[in-house]
Amino acid sequence: MNNFPIARELVLVGGGHSHVIFLRMLGMNPVPGLKATLISPDTRTPYSGMLPGLIAGHYHEDEVYIDLVPLCRFAGVDFIQSEVSAVDLGAQTVAVSGRPAVHYDVLSLDIGSAPALDASITDLDVISVKPISAFLARWKAFVTRFESQVVSDIGFVGAGAGGVELCLAVQHFLEKKFPDRSFRTHLITEGKTILSEFNTSTRIRFERLLATKNIQVHREFRATSAAGGLLVSANAREVQLDEIFWITQASAQLWPSESGLDVDAAGFINVGETLQTLSSDKVFAVGDCARMVNHPRPKAGVYAVRQGKPLFRNVMALLLGSSPKPYKPQSSFLSLISTGPQHAIAS
């Protein structure tokens, strides 16, 4: 890497997996004259792959968190704990809650996603897994309620890998911590099957596992209302629950599209092969908030982690006056879907 001084302002918004890798690489490859700032609402970022293990009781909370403040210190990056509400692409500024706008020469967005709630369902009705930082506080509140109240029926809306893992992790934790308490577990899926993104053999193994653990699967149930714990489907079926966890496919945050960034039909930021947005080559987007138009991939932490290195390489190329290089994500990856205890099924 070139070592001549540059006078440039780099702003990173969000403490996601890609930016964590980026900060580590910047700390190992400092750039003279670069003023870099990370803006994040949280001082710590949880590693999403360890969430089921944390809920099941296999990890302590400190083990799943990456502390952004010392990481920024290592990287020589200023840290601002705040929410970003808009980007002005013309003025090259980021609107930050409670303080003046921050100017950038190069901007990178790694802001994750929001819970995909139906218009009639609110955060008061369900416990959303996204964002994970907010979920962990709500998980602790749920455990307190379970301890002190009668909770007979617990539902999990969403039967992808995240929903199945969380359902099994919660049941494992509650059975171990409260062996004398009885409760029923429900898994709700829009489709005819669970784990629709996986092969038949993986699905069959989990169908058998859920049956063994007496977890009731409600199929072709698209939840449209959850007021008072009464989960109602689009075709008027009903399931009465005491607690509802919401783990459906996440949705995009609104402010990128409202700021004029080019987004897809679901609101995720469109980026090219260099991870630069289609709206501005000075703005990059990575992780769950972005969609590579030429290489669309599922929303999965493995892709966000792998984007950290090409993001660093391309941001530095742009800052130092050379051309960013294309990046093609892998097309498949090994999935380890945890089963509650310290076991997993590989796909």
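For the structure itself, consult the block above.
Per chain, residue numbering runs from 1 following the sequence as it is written. Only residues with pLDDT of at least 70 are given local features in this predicted model, and only at 80 or more are side-chain atom pairs given and counted; all residues enter the totals for whole chains, interfaces and linings. Side-chain descriptors were evaluated using all non-hydrogen atoms of the structure, hydrogens and water having been removed beforehand.

### So, the overall build of the protein
Right, on to step 1. We count a stretch as a helix when DSSP gives it H or I for four or more residues in a row; a strand needs E for two or more, and each element gets its number in order from the N terminus. Tallying secondary structure elements over the protein gives nine helices and 22 strands in all.
Right, on to step 2. For 347 residues, the compact-globule formula gives about 20 Å, and the C-alpha radius of gyration of the protein, at 21 Å, lands near that figure.
Right, on to step 3. Here the protein holds 347 residues, and 50% of them are scored as buried.
Right, on to step 4. By definition in these notes, contact holds between two residues if any of their heavy atoms fall within 4.5 Å. Long-range contacts, defined as pairs at least 24 residues apart, comprise 65% of the intrachain contacts of the protein with a sequence gap of at least 6.
Right, on to step 5. Computed by Shrake-Rupley with a 1.4 Å probe, the accessible areas treat only the displayed protein chains as cover when residues are assessed. Working note: accessible area of the protein is about 16,100 Å², and carbon and sulfur atoms make up 51% of it.
Right, on to step 6. Charge assignment: positive for Lys and Arg, negative for Asp and Glu; neither His nor the chain ends contribute. A charge is said to be at NZ when it belongs to Lys, at CZ for Arg, at CG for Asp and at CD for Glu. Side-chain charges in the protein split into 31 positive and 32 negative, and the spacing between the mean points of these groups amounts to 7 Å. Each radius of gyration is computed over the set of C-alpha atoms, and the globule rule expresses the reference value as 2.2 Å times the number of residues to the power 0.38. Remark: exposure states derive from per-residue accessible area (1.4 Å probe, protein chains only) relative to the maximum for the residue type, with buried under 20%, exposed over 50%, and partly exposed in between.

### Remarks on the nonpolar core
Right, on to step 1. If you look at the biggest cluster of nonpolar residues, it comprises 48 residues, and the most contacted ones within it are Phe22, Leu26, Val94, Leu107, Leu109, Val315 and Met316.
Right, on to step 2. Excluding residues that lie within four positions of it along the chain, Leu107 makes contacts with Val11, Val13, Val87, Val94, Lys282, Val283 and Phe284.
Right, on to step 3. In terms of nonpolar packing, the next biggest core, distinct from the first, is built from 43 residues, Ile132, Trp139, Ala161 and Ala169 among them. The criterion is simple. A nonpolar core is a set of buried Ala, Val, Leu, Ile, Met, Phe, Trp, Tyr and Cys residues joined through side-chain atoms within 4.5 Å.

### Section: the sheet that holds strand β17 (residues 243-246)
In sheet architecture, strand pairing relies on hydrogen bonds along the backbone and comes in two forms, parallel and antiparallel.
Right, on to step 1. The strand order across the open sheet formed by five strands is β10-β17-β11-β12-β13, and the pairing between neighbours is parallel. One side of each edge strand has no neighbouring strand; the edge strands of this open sheet are β10 (127-128) and β13 (216-218).
Right, on to step 2. With four bridges connecting them, strand β11 (residues 153-157) and β17 associate as parallel partners. Counterpart to Val157 in the pairing with β17 is Trp246.
Right, on to step 3. Sitting on the sheet, helix α6 (residues 161-177) is in contact with β11, β12 (184-188) and β17, with an inclination near 175 degrees to β12. Between any two strands, at least two bridges found by DSSP are needed for them to pair. The angle between two axes is taken between their N-to-C directions and runs from 0 to 180 degrees, where each axis is a line fitted to C-alpha atoms and a helix contributes only its stretch in contact.

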